[in-house]
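Coordinate inspection notes
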Amino acid sequence: MENKKRKINFIPYLFILPHLIFFAIFVGYPFFNGLYISFFQYDYLRPEATTFVGLKNYIDLFTPGTVKFLEFWNSMKVTVTFVIWSVPFLVLIPLGLAVLLNLKIPGTNFFRATFFAPWVLSVAVISLIWWWIFQSEGGLLNYYLKMFGLPTPRWLSTMPYAMITIVVATVWWTMGYNMIIFLAALQDIPPELYEAAEIDGANSWQRFMNVTLPMLQPVLVFIIIITIIASFNLLGQPMMMTRGGPAQPTGGGATEPVMLRIFTEGFVRPFQGSAAAMSVIVALIMVIFSYANFRIFRQRE
């Protein structure tokens, strides 16, 4: 019997073609172009002055004592600090809200819309709102603190208050998105599991720990990973609220995340080659981190 050649069905590929084109133009090309630029001393204002420097931009970032080393790794430290401060709140608060809003009580749709509403605002609007609330002179928070005779810190220009303001603004802005994802996952849990647990005598906390959390594990992993990645991309809030300050004696700003350092390096100074090298390093760190998380949680499962 003759082997018949298997026909390739191209129709499924036509459906993914628009996204593939979009991905190639707006993700693939910028990445490889940035990788290319990282090997040059590149200035977009003077392209004729571009010179090939090889790995120099990377070597500078790993040479202790240099200005670029201090500024870059200070910004990485600030970014990691922000991740540590913000991610637990961006996971636990949305999870708690989702559990409460999943209850069959009147008014849940109103509260769902209320908590999700900040997510539709731009980072500029969010930053201006919280800048007005936290500013030292004329700010809403200090106005009421002064009214009750309480201390009025310089929220946006001293540490650790400056970092606290950025964390508060970010949590208020983005927790609604995670809440909606948790809420959708909660509604997919079969009610029979809760009924069986209740028959076995489990109380509310035991049902949450032994039914809800295990069933939410895949979604929980997804939320943690995308929240950490989003937190690593922090830029707009410190740029508009604290401008990366206050300054530190060792170089860089106390609230200057790595994305703001890359922006400053590439568009303010401008040293596009060095900024591109920073971007490549951050991208590699995030790829390694995401892969490690998937491996760890998959083994636990």
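Residues numbered from 1 in each chain as written. Predicted model: local features only at pLDDT ≥ 70, side-chain atom pairs only at ≥ 80, totals over all residues. Heavy atoms only, no water.

Right, let's talk about the nonpolar core for a bit. Core analysis: the largest hydrophobic core is formed by 45 residues, its most contacted members being Phe-72, Phe-182, Leu-216, Ile-228 and Val-282. Of all the secondary structure elements, the ones that give two or more residues to this core are α2 (56–61), α3 (67–101), α7 (161–186), α9 (204–232), α11 (258–268) and α12 (272–300). In terms of residue count, α3 provides more of this core than any other element does, twelve residues in total. Dropping the residues within four chain positions of it, Val-282 is found in contact with Phe-72, Met-76, Val-258, Met-259 and Ile-262. Among the nonpolar cores identified, the runner-up in size contains ten residues, and Trp-130, Leu-145, Trp-155 and Trp-173 belong to it. (Core = buried A, V, L, I, M, F, W, Y, C linked by side-chain atoms within 4.5 Å. Buried < 20%, exposed > 50% of the residue type's maximum accessible area, 1.4 Å probe, protein only. Helix = DSSP H or I, 4+ residues; strand = E, 2+ residues; numbered from the N terminus. Contact = heavy atoms within 4.5 Å.)

Moving on, we come to a nonpolar patch on the surface. Judged by side-chain polarity, Leu-128, Trp-131, Trp-132, Leu-140, Tyr-143, Tyr-144, Met-147, Phe-148, Leu-150 and Met-240 come together as a nonpolar surface patch covering roughly 1,100 Å² of accessible area. At the level of elements, α5 (123–134) and α6 (140–147) are the ones that each hand at least two residues to the nonpolar patch. Among the elements that make up the nonpolar patch, the one with the highest residue count is α6 (four residues). Along the chain, the position of Met-147 falls in helix α6. The partly exposed category is assigned to Met-147, whose relative accessible area is 48%. (Patch = residues over 30% accessible without salt bridge, like charges linked within 9 Å, V, L, I, M, F, W, Y side chains within 5 Å. Areas by Shrake-Rupley, 256 points an atom, 1.4 Å probe, with all protein chains shown as cover. Salt bridge = Lys/Arg side-chain N within 4 Å of Asp/Glu carboxyl O.)

Side chains of residues three or four places apart in an α-helix project in the same direction, reflecting 3.6 residues per turn. Relative to the 51 Å expected for 35 residues at 1.5 Å per residue, α3 spans 50 Å between its end C-alpha atoms, a close match to the ideal helical length. Approximately 30° is the largest bend angle found in α3, and it occurs at Ser-86, with the proline Pro-88 only one to four residues beyond. (Expected span 1.5 Å × (residues − 1). Bend = angle between axes of the 7 residues up to and from the residue.)

A separate point is the side chain of Asn-142. With respect to the element layout, Asn-142 can be found in helix α6. Note on Asn-142: relative accessible area 3%, which makes it buried. Of note is the side chain of Asn-142, whose polar atom sits 3.1 Å from the backbone oxygen of Pro-153. The contacts of Asn-142, once residues within four sequence positions are left out, are Ile-133, Gln-135, Ser-136, Thr-152, Pro-153 and Trp-155. (Polar contact = N/O pair within 3.5 Å; in protein donor to acceptor, adjacent residues only side chain to side chain.)

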